[in-house]
Structures are given as structure tokens and as C-alpha cells.
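Chain and residue survey
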Amino acid sequence: MSTILEARVLVPDVKLFRVHAPKIARKHRAGQFVIVRVSPDGERIPLTIAAADPEAGSITLVVQAVGKTTTLLNALETGDEILDLAGPLGTPSEVARFGMVVVVGGGVGTAVTYPSAVALSQAGNTVIAVIGARSRTHLLFETELAAVCDEVHPCTDDGSFGRHGFVTDALADLVATRKVDRVLAAGPIAMMAAVAETTRPYDVPTVASLNPIMVDGTGMCGGCRVSVGGVNRFACLDGPDFDAHLVDFHLLEQRNRAYAGWEAARRDELGPCAAVPVVVDGAAS
Amino acid sequence: MSDLSRRERMKRAPVAMPERAPDVRRTDFEEVNDGYTPEMAVAEAERCLFCARPTCVTGCPVGVDILEFVRLVGAGEFLEAADVIAADNSMPAVCGRVCPQETQCEGACVLAKKGKPIHIGHLERFVADHARNLGSTVPTPAARTGKRVAVVGSGPAGIACAGDLVGAGHEVTVFEALHELGGVLAYGIPEFRLPKAIVAAEIDRLRKRGVEFETNAVIGMVDTVDDLLTVEGFDAVFLGVGAGLPRFLDIPGENLIGVYSASEFLTRVNLMRAYSGESDTPLIDVQGKSVVVFGAGNTAMDAARTAVRLGGAPVRIAYRRSPDEIPARNEEVAHAEAEGVVLTTLVAPTELTGDEDGRLTGVRLQRMRLGESDTDGRRRPEPKPGEFIDVEVDVAIIAIGNMPNPLLLRATPDLDRTERETVVADVDTGLTSKPGVFAGGDIVTGGATVIMAMGAGRRAARAIDEFLRTETARRS
Ligand SMILES: Cc1cc2nc3c(=O)[nH]c(=O)nc-3n(C[C@H](O)[C@H](O)[C@H](O)COP(=O)(O)OP(=O)(O)OC[C@H]3O[C@@H](n4cnc5c(N)ncnc54)[C@H](O)[C@@H]3O)c2cc1C
Ligand SMILES: Cc1cc2nc3c(=O)[nH]c(=O)nc-3n(C[C@H](O)[C@H](O)[C@H](O)COP(=O)(O)OP(=O)(O)OC[C@H]3O[C@@H](n4cnc5c(N)ncnc54)[C@H](O)[C@@H]3O)c2cc1C
Ligand code: SF4
Ligand code: SF4
Ligand code: FES
């Protein structure tokens, strides 16, 4: 059991949790995730560690309610307990002095890129964040990223804030006009696929933080396998970060729909307005 | 019983294990075997010849004193029999159910030649269940040594090691990566073959004896082995992390929706209870669907029989060798066939096909024949050129074995390992190349058996005890 030290709504359907997990906080490195279970019959779901505070002994999770488990989790408040929390899992993101790095975050993926932005900035890179959401009210982590990045380029689908358009439009301008040394993307699959296509003609090394369906998160089931350069890799062991130019995003998209009907039924059990359908924020498709 | 002549004993028919009817049991997850009654146990024990050289004992990897415990069963002294088994086997209720007896104790019984070996496994199970139902006592703890041991992994190797270490007076903490304890006994072997309550009772007993359990503790990620020895202050570490990384076939279509590793399929069903309407963990709908399982070990039988219980029809096992080479326990093969599993041998999958949504629709099987003998003595299957069978399938389960999980090993680079990525450890002591670190079970042998993992855990416990005592002697 892990106690929730702080819970607050960031934007509609997205909640931030600071959770007591001193050992995980001490070991965490950017790019890693935890596996969470919220009820005795509950599913094990992966969530990125959005920040860690070793002194306070806490980690931060940012959760978008998309289905039953995330909806149940987002109903928890400060002082409540999370039943199971295991981590940190996954291979940490590669952090080095690359030069100029653009981190691209779509929707809740913005929070996923945050720890990498911090680490890349500390490693002496110029870090530019390109973040996207449906509208101003859905934009996440803008102030947090502004504090650690050299520039932040917000984009909204409806033009209510920042650039009117997709994150890939802003990214296309950046790679065309600046010497970008590396791109890191996290968000909906369609967005990550579009980011890969945007940078491919420029040969900019591009990494995507993949989100396949997981069970154990420790290499035991193989359910999280993704095809990278034609080779199967387990995202929980060797990822979640992979070379975006080699990832088979179509396959990932298909596999993540494996239980679509079942999941919708479970979500509906929670009531009609319990959660919104998965919204492809900031995607180029 | 002693008044029976040798001839009379030999004439008696073996007592069959009562089991629930196939058409009933295939609709639920309750245990298949009902277990012997005391009368059945006595009758079966009475067949034993009490050999001057009991070959059965040499067939048991941990050397259970079979002759003596069977003699006590025959005399109706069941609790005494339980004590005899307990001297060598810390989980007889499990081993009686899952040991491959036909290649171990029963295979080595003199009566095996006549095809009528003593049902040692059934008797062991009876004795263990009998003792458990009477509420077995918790042994009085030995004097505390003040030494602390970390056991990584809660499978049979870890459980057996922890039990003996706490018995020797050491403080023991078991670290388990998953949210439930028991290793393969919890997430792999299904309820209908090994009720979870038996594993839970064993773990509960260890808890009562003072063993601490920490779940959700992924060693190598949260604490490394070095952290356990330095930061956390443990005096020794036992690694019983198993061989849990599933192997895939490396054929086209393996990533289609509906293609599972046996580990994923069984984990979703056993650990996450996907068969109950209450579970939030989804599973591809198996009801009325065509299922194929690749492989023919215990894991394959478990996956196929689980698919039958989920309503799969037809459920087929596709094995690339002949029926003679099937590695699963005989009983499991017989049970699987009785429950309607179709065995197709001498076929190997070459390609899985799907629809435009990426869902599995079929498999192409290559017909095989047996060629020359392999190094392991088994005849190697080879393709019959041009001979294929195309089968419509909705769910495919790959049960062709596991490899050691690299997660902990990557974080422990100073641990010597073989080219198969298993940990190098001394057979008698479990000592690894890393001082103070011992290992046993599947992580050392590769996928093996429960009793071998348990035996390795106990040998390591003995060596760790020795190590801790000499350490103290040296330091003072
Ligand atoms: C490494 C990794 C890091 C992630 N980090 C975050 C994060 O920081 N914040 C966040 O809100 N979400 C994150 N996710 C996604 C999150 O795990 C899923 O949203 C969650 O599992 C959905 O569970 P559910 O029961 O609420 O929804 P479901 O009803 O199960 O599914 C709803 C949608 O989520 C997808 N999904 C279902 N199960 C999983 C699963 N086990 N893993 C991934 N996707 C799944 C489905 O394809 C479906 O589209 C991450 C996923 C991965 C793999
Ligand atoms: C489906 C199936 C059916 C089988 N049927 C039979 C049978 O009928 N008879 C038989 O004798 N054998 C059978 N076996 C084989 C037998 O189960 C194994 O040989 C035995 O369980 C090995 O025991 P172990 O303790 O070495 O490892 P495991 O039982 O694999 O346990 C290892 C434990 O360590 C945990 N772990 C792994 N990494 C870490 C880490 N980094 N930190 C913390 N914990 C970790 C795992 O989660 C797991 O709980 C079967 C196996 C399977 C998969
Ligand atoms: S432990 Fe296994 S092999 Fe040994 S006697 Fe018991 S059933 Fe037979
Ligand atoms: S070998 Fe068979 S008959 Fe002889 S003692 Fe062992 S169990 Fe009894
Ligand atoms: S989630 Fe099971 S192997 Fe990655």
C-alpha cells in the first residue's frame, strides 16, 4: 500500500498524484514507469514517473482517465492508498549532451516527457518543448516545462492558445530552421508516428516513449512486445523508449486495440459520464 | 498389513486416483483429482514390497524416504508419515500433485517394470493434505542468530530456502516482484491442478514462523543485489528468480492479436483471474473459438486445458515431435485428452495469418517426420517438404519454453552466467561467483521442476547457514 500525499485535478480528466514511495523515488531515472493496481480484482497498469523527490520520498504520477482502472485511480484523493505500486521499471531514457533537443508531448504524454526535459537540461542541452492539447483548458505542464526548458511551444487543435495546429506543425518548422540534434516524443500513437515522419527526412535521431498494453511490466509475459527495425522487443525491459524511425507504429496501434470492445463495456459499467473516450490530442492524423 | 505375502501384494491392482468426470470438470476451475480416502491410501501402501534396496528413493531428486513413509501410511500412521516426508520435502502437498513421478520416484519403483508402480505421488499428496487439514503445528523457532538473509523470488526455490533459514534461526525477508506470492505455483500452474489455497497455506505457515514478505519489490530495479548486501544490511542473498522470459517462435504473424505466450495467457487467467466476471483484466474471448497451443510440456497442457475451461472449441495442441517425446506429465496428457484437447503431432507452425484489423485467423502447419537422433537422444524433427495443413484459429498460445529474465542479471554484472544466460552456481551449495550470493531453481538450471527448485533452495539454505556461522566465527 502506498499513501497518496497529494491529489489534484490538472485539467479535465487528468489528475496529478504525489505518492509516498521513498525507494522508488531514490532509484528513479527519467523515462521509467511504475505498475499500479488499485483494487483486489484490478488490472496492472503502467504509469510513467513524471517526477521524483528523493528527499520527500515521493513520486509524481499524472493520470488521464481513459478506462476503468484510470477512472478508479482518478477517484482517489489525498490520504487514500494505492493497493500495489511496483517500480521503477523500464530502461531509463538516454541522457547525454546532445546539443539541441526537442521534446514533443501530446496530451498526457506531456507529463511523460517532463522528467526527460529536466534531465536533458541538467546535462547541458538546449531543450525546446513542443506540447499539444485539444484546447487551452487541456494543456498540461506548461509552467513546469517553462521552468526547465529554453523554449516552450504550445499548440492547440482549436487555436485557443499558442499555435493553432498540431505539434508536428511546430516541430516541422523547428527541424527546418534550426539545427536540432535529437527529438523525444511521447503521446498518442498517431502523434508519435507523425513525429517520426516529420524528422525522418532530416535524419534527426528521434526517440518515442511507447505505450503498449502491459501485464507484469517485468519481462514475464511478452504482451508488451513491439516491432523495432523488424525485431521484437519487450517495451517493459528494453523500452519504453525506442528509435521512432524503426518502430512499427501501425502494429502498436492495432495491438493496443486488442481489447477495445471489452474495455468500453467495463468503462460503461462505471456510468455514462465516468470517462471520456480516448482523445487523440495534438495528433497529426 | 504385514501379514500380506509378497505374492499377494504383487497381485493387487493399483488404487486409481478418483477424479471428477471430464465433462463436468472441463466447465470449471475446481481441482480435477479428488484425492485418496484413508482406506484407498492404506490399500495402495499395502502394495509396497519394502525392497531391501528401495530404488524409488534414488529416483526422487530430494531422496524422500519413500519406503518408510509408505510403510507408515500402510499402518495408518499418517501424521508420522508426514513427518518422514517433511524431513526432505517442504512442500509435499505441491509435489504430490505436480512432480513428474513417472520419470522420478515411480519410474524408479521396482514395480514400474510391470506397469504397476506404487502411486507414491498420490500417497504423498494424501499424507500432506491429511496433515494440513488437521492443522499442522508450527515448529518452535531455533535460537535467533541475528543474521539477516534476503531471498529474492517467492517460487518453490525461494519458499524452501526461506523455510529452512528461518528454521535455523536467521531473519528472512522474501522479495517478490509481483503482487502475489508463489512464483509459477501462483501465476503458472492452474487452480484445477494445484489449488491456490495450498500454496497460500504454505506461505502462511512461513509467515507464522517469522518470515517477512515484501511484494511489488523488483530486485535489480528498486534495490540491487548490492543494495541488499550493503544499504539494507543483509548478510547473504539467495536468488530464486526463476526463468520467466517467454520464448517466441520467430515466425511471421506472431504479433497478431490473439497470439499469446503461455505465460501471458496463464498470467491473465491465473494471477489476474480473467476467468471470473469480477476481474478487470481482459482476455481475448475464447468461448466457441478455435485455439491452438504450440508445444507439449506441462505449460502447453495447462494452457490447453485452461482454454477448454474458457469454452474454447476445438482446442488443439500442435507438437513438432511424436507422441513418444511429449515432455508433459503422463497424467496431464491423459487428462487433457479426456477433456477434449486434440493432440496433433509431427507438425510445426510456419506462419500465422490475420485479417485487416490484425486479428489472428489461421495458422499454417508444416508436417514433420523424425530424423536422426539429437545430442539429447531424441530424434530430431525435420520438415516433410511441401506438406502443409492450414487450420483456422482465433487464439494461438506459444508454450515452447522460457529463458532467464535479464532484469536482475543486467543489474548484477558481476554474477557469472552461462551462454544460456543462466546463473552459474555450485550444485551442492548454490554459491555463485559473487560473495555472499547464492542461487537455485530455474535461474540456475533453466526451466526444470518444482521439486528440483525446492531441493536447490534447501541445499542453498544449508550452505547459507554454514556461511553465516563461519562468518561469525571468523569475525569474532
Ligand atoms: C510505459 C507506459 C507509460 C504510461 N504512462 C502513462 C501516464 O503517465 N499517464 C497516463 O495517463 N497513462 C499512461 N500510460 C497509459 C496507461 O497505462 C493506460 O491508459 C491505462 O493502462 C489504461 O487503463 P484503463 O483500465 O483505464 O483503460 P482501458 O479500458 O484498459 O483502456 C483504455 C485505453 O488504454 C489502452 N490501454 C489499455 N490497457 C493498457 C495498458 N496496460 N497499457 C497501456 N495502454 C493500455 C487501450 O488501448 C485503450 O485505448 C502509459 C502506458 C505505458 C505502456
Ligand atoms: C505453466 C507451468 C506448468 C508447470 N508445471 C509443472 C509441473 O507439473 N511439475 C513440475 O515439477 N514443474 C512444473 N513447472 C515448472 C516449475 O513450475 C518450475 O520449475 C519452478 O516453479 C521453478 O521454481 P523457481 O523457484 O526456480 O522459480 P519460479 O517459480 O519461476 O519463481 C520465481 C519468482 O521470482 C520472482 N522474480 C523474478 N525476478 C524477480 C526480481 N528481479 N525481483 C523479485 N522477484 C523476482 C518471480 O516473479 C517469481 O515469483 C511448470 C511451469 C510452468 C510455467
Ligand atoms: S518429492 Fe516428487 S519425486 Fe520425490 S517422492 Fe515426492 S512425488 Fe516422488
Ligand atoms: S521401489 Fe516401489 S515397491 Fe520398492 S520400496 Fe520403493 S515404492 Fe515400495
Ligand atoms: S509487460 Fe509483460 S513482458 Fe512486458
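As the structure is a prediction and not an experimental result, all values here were calculated from the model.

A few words now on the overall build of chain A. Helices and strands together make up the secondary structure of chain A, namely nine helices and 17 strands. Rg of the C-alpha trace for chain A: 18 Å, near the compact-globule value of 19 Å for 285 residues, within the 12% margin. Projected onto its principal axes, the C-alpha coordinates of chain A cover approximately 50 × 45 × 40 Å. A total of 285 residues make up chain A; the buried ones form 58% of that total. The long-range share in chain A, meaning contacts at least 24 apart out of those at least 6 apart in sequence, stands at 65%. When the accessible surface of chain A is split by element, carbon and sulfur atoms take 53% of a total near 10,700 Å².

Let us now look at the interface of chain B and chain A. Note: interface size is frequently given as the accessible area lost on complex formation between the parts. Contacts between the two partners involve 46 residues from chain B, matched on the other side by 45 residues from chain A. Looking only at chain B, the three residues that lose the most surface to chain A are M221, N255 and D280 of chain B, adding up to 20% of its buried area. For the interface between chain B and chain A, the tally reads five salt bridges. Residue R410 of chain B is joined to D238 of chain A by a salt bridge in which the shortest nitrogen-to-oxygen separation is 2.7 Å. Where chain B packs against chain A, one counts 23 residue pairs in polar contact (both at pLDDT 80 or more). At the level of secondary structure, the elements contributing two or more residues to the side of chain B that touches chain A comprise strand 5 (245–246), strand 6 (259–261), helix 14 (262–271) and helix 17 (406–410) of chain B. No other element matches the four residues that helix 14 of chain B contributes to the side of chain B that touches chain A. Broken down by class, the residue content of the side of chain B that touches chain A amounts to 19 nonpolar, 13 polar and 14 charged.

With that settled, the discussion passes to the sheet that holds strand 2 (residues 14–20) of chain A. Across the sheet, which stays open at both edges, the five strands sit in the order 5-6-2-1-7 (chain A) with antiparallel pairing between neighbours. Because the sheet does not close on itself, it has two edges, and the strands there are strand 5 (51–53) and strand 7 (81–82) of chain A.

Moving on to the site of ligand 2. Residues and elements named next belong to chain B. Around ligand 2 sit 35 residues, and of these V98, E176, R193, I219 and D442 come closest. Within the backbone of A157, one N or O atom sits 2.9 Å away from an oxygen atom of ligand 2. Between ligand 2 and E176, the relevant distance is 2.6 Å, taken from an oxygen atom to a side-chain nitrogen or oxygen of the residue. Among the secondary structure elements, those contributing two or more residues to the shell around ligand 2 are helix 10 (156–167), helix 15 (298–309) and helix 19 (450–475). No other element matches the three residues that helix 15 contributes to the shell around ligand 2.

Turning our attention to the environment of A243 of chain B. Residues and elements named next belong to chain B. Within the secondary structure, A243 sits in the loop between strand 4 (236–239) and strand 5. Separated by 163 residues in the primary sequence, A243 and P406 have C-alpha atoms spaced 9.3 Å apart. Beyond its immediate chain neighbours, meaning those up to four positions away, A243 contacts N402, M403, P404, D442, I443 and G447.

Here the focus is the site of ligand 4. Neighbouring ligand 4 are the residues C48, L49, C51, T55, C56, L67, C109, V110 and I118 of chain B. The residue inventory of the shell around ligand 4, partitioned by class, reads eight nonpolar, one polar and no charged.

Judged from the nine bridges that link them, strand 11 (residues 360–373) of chain B and strand 12 (residues 379–392) of chain B form a sheet pairing that is antiparallel. Following the sheet pairing, R369 of chain B is matched in strand 12 of chain B by E382 of chain B.

Time to look at the domain arrangement of chain A. Residue and element names in this part refer to chain A. For chain A, the domain assignment lists domain 1 (2–91 + 262–275) and domain 2 (100–255). Using C-alpha coordinates to define each centre, domain 1 is positioned 20 Å away from domain 2. Across the boundary between the two partners, domain 1 contributes 22 residues, which contact 23 residues of domain 2. Counting the surface lost from both domain 1 and domain 2, the interface buries some 1,700 Å², and carbon and sulfur atoms represent 65% of this.

Quick look at the sheet that holds strand 11 of chain B now. Residues and elements named next belong to chain B. With antiparallel pairing, the three strands of this open sheet are ordered in space as 10-11-12. The sheet is open, and its two borders are formed by strand 10 (347–354) and strand 12, each paired with just one other strand. With strand direction ignored, the average angle separating the axes of adjacent strands in the sheet is 20 degrees. Here strand 10 pairs with strand 11 via seven bridges, running antiparallel.

All right, on to the nonpolar core then. Core analysis: the biggest nonpolar cluster contains 70 residues, and I66, F69, V73, L123 and I464 of chain B have the highest contact counts within it. With nine residues, the top contributor of residues to this core is helix 19 of chain B. Counting contributing residues, this core receives three or more from each of domain 1 (6–133) and domain 2 (148–244 + 403–475) of chain B. Setting aside its immediate chain neighbours within four residues, F69 of chain B contacts V64, A81, V84, I85, I120, L123, E124 and V127 of chain B. Grouped together as the second largest cluster of nonpolar side chains are 59 residues, I128, V195 and F249 of chain A together with F294 of chain B included.

All names here are of chain B. As far as domains go, chain B holds domain 1 (6–133), domain 2 (148–244 + 403–475) and domain 3 (248–398). Relative to domain 3, the C-alpha centre of domain 1 lies at a distance of 31 Å. Of the roughly 1,200 Å² buried between domain 1 and domain 3, counting both surfaces, carbon and sulfur atoms make up 49%. Looking only at domain 1, the three residues that lose the most surface to domain 3 are R26, F29 and E102, adding up to 51% of its buried area. At the boundary of domain 1 with domain 3, the tally comes to one salt bridge.

What follows deals with the packing of aromatic side chains. According to the stated counting rule, one finds eight aromatic pairs over all chains in the structure shown. Relative to F248 of chain B, the ring of F234 of chain A has its centre 6.1 Å away and its plane inclined at 85 degrees; by these criteria the two rings are edge-to-face. Of this pair, F234 of chain A sits in strand 16 (residues 231–234) while F248 of chain B is found in the loop between strand 5 and strand 6, placing the two residues in two different chains. Just as F234 of chain A is buried, F248 of chain B falls in that class too.

Turning next to the side chain of S2 of chain A. Inspection of the secondary structure puts S2 of chain A in strand 1 (residues 2–11). Discounting residues that sit within four places of it in the chain, S2 of chain A has contacts with V19, H20, D80, E81, I82 and L85 of chain A.

This part covers the pairing of strand 2 (residues 171–175) of chain B. Residues and elements named next belong to chain B. Across the five residues that make up strand 2, a large majority, four, are buried. Of the strand pairs in this sheet, strand 2 and strand 3 (residues 212–214) are connected by three bridges, and their pairing is parallel. When the bridges of strand 3 are listed, V174 appears paired with F213.

Rules of the game
Residues numbered from 1 in each chain as written. Chains lettered and ligands numbered in written order. Predicted model: local features only at pLDDT ≥ 70, side-chain atom pairs only at ≥ 80, totals over all residues. Heavy atoms only, no water. Helix = DSSP H or I, 4+ residues; strand = E, 2+ residues; numbered from the N terminus. Rg over C-alpha atoms; globule rule 2.2 N^0.38 Å. Buried < 20%, exposed > 50% of the residue type's maximum accessible area, 1.4 Å probe, protein only. Contact = heavy atoms within 4.5 Å. Areas by Shrake-Rupley, 256 points an atom, 1.4 Å probe, with all protein chains shown as cover. Buried area = accessible area lost by both parts, 1.4 Å probe. Salt bridge = Lys/Arg side-chain N within 4 Å of Asp/Glu carboxyl O. Polar contact = N/O pair within 3.5 Å; in protein donor to acceptor, adjacent residues only side chain to side chain. Nonpolar A, V, L, I, M, F, W, Y, C, P; charged D, E, K, R; others polar. Pairing = 2+ DSSP bridges. Near = heavy atom within 4 Å. Domains from an automatic or database assignment. Axes fitted to C-alpha atoms, helices over the stretch in contact; angles between N-to-C directions. Core = buried A, V, L, I, M, F, W, Y, C linked by side-chain atoms within 4.5 Å. Phe/Tyr/Trp six-rings, centres within 6.5 Å; stacked < 30°, edge-to-face > 60°.

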